[in-house]
Amino acid sequence: MLNLQSRIHLYEQEIKTELLSLANYQPVMKDILIVTYNNFSYLISCLKSIQKNTQDYQIHVWDNANDEQTKNYCLENKHINYYGSNENLGFIIPNNRLAEKTIHPYIIFLNDDTVVYPNWDKLLIQYLKVYEQVGYLGGILNENMIGERFGLGANIDYICGWCFGISRNTYDKYGLFDEQLNFAYGEDSDFSLRLKNDKKKIFALYSGLVHHFENKTVAKLPAEKLLGNFEKNHILLKDRWAECDFLIRKSLPFTDL
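Quick look at the structure, then. Predicted model only: the values in this text are computed from it and were never measured.

Let us look at the pattern of salt bridges. Note that side chains of opposite charge can pair when their charged atoms are close. Overall, the coordinates contain 10 salt bridges when judged by the stated rule. Close ionic contact of aspartate 31 with arginine 168 constitutes a salt bridge, the shortest N to O distance being 3.9 Å. One end of the pair, aspartate 31, is in strand 1 (residues 30-36); the other, arginine 168, is in helix 7 (residues 168-174), with 137 residues separating them in the sequence. Aspartate 31 sits in the buried class, given a relative accessible area of 1%.

Further remarks concern the packing of aromatic side chains. Here the distance between the centres and the angle between the planes together describe a pair of aromatic rings. Counting across every chain of the model gives 14 aromatic pairs. Centroid distance tyrosine 11 to tyrosine 206: 5.2 Å. Interplanar angle 55 degrees. Geometry classified as tilted. Of the two residues, tyrosine 11 sits in the loop between helix 1 (4-10) and helix 2 (12-20) while tyrosine 206 sits in the loop between strand 11 (202-204) and strand 12 (210-212), which places them 195 residues apart along the sequence. In terms of burial, tyrosine 11 and tyrosine 206 fall into one category: buried. Here a set of aromatic residues connected by ring pairs shows up, and it is made of Tyr11, Tyr127, Tyr131, Phe203 and Tyr206.

Attention shifts here to the sheet that holds strand 1. Across the sheet, seven strands lie side by side as 3-2-1-4-10-6-11; this open sheet has mixed pairing. Edge positions in the sheet fall to strand 3 (80-84) and strand 11, since each has one partner strand and no second. If you compare each strand with its neighbour and ignore which way they point, the axes differ by 20 degrees on average. By the bridge criterion, seven bridges tie strand 1 to strand 2 (residues 57-63) in an arrangement that is parallel. Bridge pairing in strand 2 places lysine 30 opposite tyrosine 57.

A few words on the pairing of strand 4 (residues 106-110). Of all the five residues making up strand 4, five are buried; the element is thus mostly covered by neighbouring parts of the structure. The side-chain alternation of strand 4 yields two buried faces, one formed by Tyr106, Ile108 and Leu110 and the other by Ile107 and Phe109. Here strand 1 runs beside strand 4; their pairing, made up of four bridges, is parallel. Its bridge partner lying in strand 4, aspartate 31 is registered against isoleucine 107. Note that strand 4 and strand 10 (residues 163-167) share five bridges and pair antiparallel. Looking at the pairing, leucine 110 lines up with cysteine 163 of strand 10.

It is at 10 Å that the axes of helix 3 (residues 40-53) and helix 4 (residues 68-75) come closest, and there the two elements cross at 15 degrees. Compared by their axis directions, helix 3 and helix 4 come out roughly parallel. When the axes of helix 3 and helix 4 are compared, the crossing they make is right-handed. Between helix 3 and helix 4, the contacting residues are Phe40, Leu43, Ile44, Leu47, Lys48 and Gln51 on the first element and Gln69, Thr70 and Tyr73 on the second.

Rules used in this analysis
- Residues numbered from 1 in each chain as written.
- Predicted model: local features only at pLDDT ≥ 70, side-chain atom pairs only at ≥ 80, totals over all residues.
- Heavy atoms only, no water.
- Salt bridge = Lys/Arg side-chain N within 4 Å of Asp/Glu carboxyl O.
- Helix = DSSP H or I, 4+ residues; strand = E, 2+ residues; numbered from the N terminus.
- Buried < 20%, exposed > 50% of the residue type's maximum accessible area, 1.4 Å probe, protein only.
- Phe/Tyr/Trp six-rings, centres within 6.5 Å; stacked < 30°, edge-to-face > 60°.
- Pairing = 2+ DSSP bridges.
- Axes fitted to C-alpha atoms, helices over the stretch in contact; angles between N-to-C directions.
- Parallel < 35°, antiparallel > 145°, perpendicular 65-115°, else oblique.
- Left-handed = near helix turned anticlockwise from the far one by under 90°.
- Contact = heavy atoms within 4.5 Å.

What follows is the structure, given as structure tokens:
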């Protein structure tokens, strides 16, 4: 991941353009969805950063382990709707169930190992008025597929699932993640590609207003379980999207994000 100073240096004009759009922001309610698994310290940092730097929101937390600490904290906070399961259901099914409970004009998906900074949600909302799906990083399914591995802006193939937003209209039309996929991995790619295949626009923001600590939940899971699910999902997605023309890209200088 590029550090903040490098990011600003490389994308100074793009970041200025994005931040100038904040002047047009109008307050709007949004649902923020977080799936967590045995990650209390990171989750609390994430929730506190949201509470400090966000307005007009409702948080929905799905706890894959029914952790007592997490449950008690969430139930004591009026901004949080808490849901739990006794087994680890992964990322796909919990997010789908949480999305079904949302009612507001915008939905934001956020990993529990992130922290957010001032204006993060406003920027997402501003760009969602133009693009169907907006996130803080983009790329394609993985390096073994045709297309760019990573990218920012509009010339990308998918939005990474650790922080992205969609509008209510997009959710009502397309739903969310395909439950033919197992547990986690590739669901964000598939969702984005479904939109692109229907001629919709997606955009990965240059402004680094969300920090992702990366893989703090995945690291707690058995490697064999992860690899098995990743392989199954990769085969399905590679098969499903192998013939799509929009996956063919020229090389872009975004390989160190």
